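Chain and residue survey
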Amino acid sequence: GARRFVTGATGLAGEHGGPVGAADDAEGGQEACIEPWKDHLLATMDKVGAFVPPAAAVAETPQPAAGVDGPGAGSEMLADGLGRTIVMYGSQTGNAESVAGGIHAAISGRGAGCTLMSMKEYEKIDVSLERLVVCVVSTTGQGDAPDNASKFFRWVKGRSNSSTMLAAWRYCVLALGDTNYDQFCKPGKVLDKRLEELGARRFVTGATGLAGEHGG
């Protein structure tokens, strides 16, 4: 039968290691891959201080504390009106959008400022602001990105882009695909590689056994 693959990118080192998931595309199979990845993402965000107690969240100031790096700076919204964490999705049939919605709900429910948005809305993001960007992207056709992600992919693949264009980002990519197809999870793999080339730093990956800033 078909097998579904979920990963933050195979064989790639990152700051925080995490499980590669592959499961039979049967009932519960996709969830068996996604849930461990999501749990690892949430645990890592908690480790770096991205979540705050409800009482503390009420008292938070609109601006991040001085000298605080990355997604652990609190739950406030940033200057562009978007959350310190953004969950972006590229979805053809609604599956990746649903998965992204679940991740967004889990992050928001723990007190972190989080925005859910389609990849076609990427122009709303001020890329100079430090934040965590979680990308959930499915695979369509012969290894193509979904229609609502095509413009975002053209933007990140632009030849004139600076190697530091996304240096303020920490990111992770959750790729959805089916091993029956030759170009298995190609959009997610391409995106993961390109974000790194533009200066973004991996926050969690799909690779196991790799050393990272907080262990792998």
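Here the structure is a predicted model, which is why all the values come from computation and not from measurement.

Points about the nonpolar core
Judged by nonpolar contacts, the single largest core of 25 residues is most densely connected at L41, I103, I107 and V136. Sorting the residues of this core by element identifies α1 (29-47), β3 (85-90), α3 (95-108), β5 (131-137) and β6 (169-178) as the ones contributing at least two each. For this core, the element with the highest residue contribution is α3, accounting for 6 residues. Not counting residues within four places of it along the chain, the set of residues in contact with V136 comprises V87, M88, Y89, G90, A96, V99, A100, I103, M119, L174 and L176. The next biggest cluster of nonpolar side chains, apart from the first, holds 23 residues, and it includes I86, M117, M119 and L195.

Considering the confidence of the model for the protein chain
Chain-level statistics for the protein chain give a pLDDT mean of 75 and a share of 67% at 70 or above. Within the protein chain, strand β4 (residues 114-118) carries the highest mean pLDDT (97), whereas strand β2 (residues 21-24) carries the lowest (29). Counting interchain partners and residues more than four positions distant, the pLDDT-below-50 stretch residues 1-28 has 107 contacts.

Side note on the pattern of salt bridges
This structure, assessed with the given rule, holds 8 salt bridges. Here K38 ties to E35 by a salt bridge, and the two come within 3.5 Å at their closest N and O atoms. Taken together, the positions of K38 and E35, both in helix α1 and 3 residues apart, correspond to about one turn of that helix. Of the charged contacts in the structure, one is a salt bridge between E196 and R202, with a shortest N-O distance of 3.1 Å. E196 gets classed as partly exposed once you look at its relative accessible area, which sits at 40%. Under the relative-accessibility criterion, R202 is labelled buried at 7%. Three or more residues are tied together by salt bridges with common partners; here these are D192, E196 and R202.

Remarks on helix α5 (residues 186-197)
The first and last C-alpha atoms of α5 sit 17 Å apart over 12 residues, in line with the 16 Å expected at 1.5 Å per residue. Residues of α5 that are buried: P187, G188, L191, D192, R194 and L195.

Description of the environment of A106
Mapped onto the secondary structure, A106 falls in helix α3. Judged by its relative accessible area of 18%, A106 is buried. Linking A106 and K38, residues 68 residues apart in sequence, is a C-alpha distance of 8.8 Å. Sequence-distant contacts of A106, defined by excluding residues within four places in its chain, comprise K38 and L42.

Details of the side chain of N161
By secondary structure assignment, the location of N161 is in the loop between α4 (150-156) and β6. Separated by 2.8 Å, the side chain of N161 and the backbone oxygen of W155 make a polar contact. A polar atom in the side chain of N161 sits 3.2 Å from the backbone oxygen of V156. Residues contacting N161, with those up to four places away along its chain left out, are W155, V156, R194 and L198.

Parameters at a glance
Residues numbered from 1 in each chain as written. Predicted model: local features only at pLDDT ≥ 70, side-chain atom pairs only at ≥ 80, totals over all residues. Heavy atoms only, no water. Core = buried A, V, L, I, M, F, W, Y, C linked by side-chain atoms within 4.5 Å. Buried < 20%, exposed > 50% of the residue type's maximum accessible area, 1.4 Å probe, protein only. Helix = DSSP H or I, 4+ residues; strand = E, 2+ residues; numbered from the N terminus. Contact = heavy atoms within 4.5 Å. pLDDT = per-residue confidence, 0-100. Salt bridge = Lys/Arg side-chain N within 4 Å of Asp/Glu carboxyl O. Expected span 1.5 Å × (residues − 1). Polar contact = N/O pair within 3.5 Å; in protein donor to acceptor, adjacent residues only side chain to side chain.

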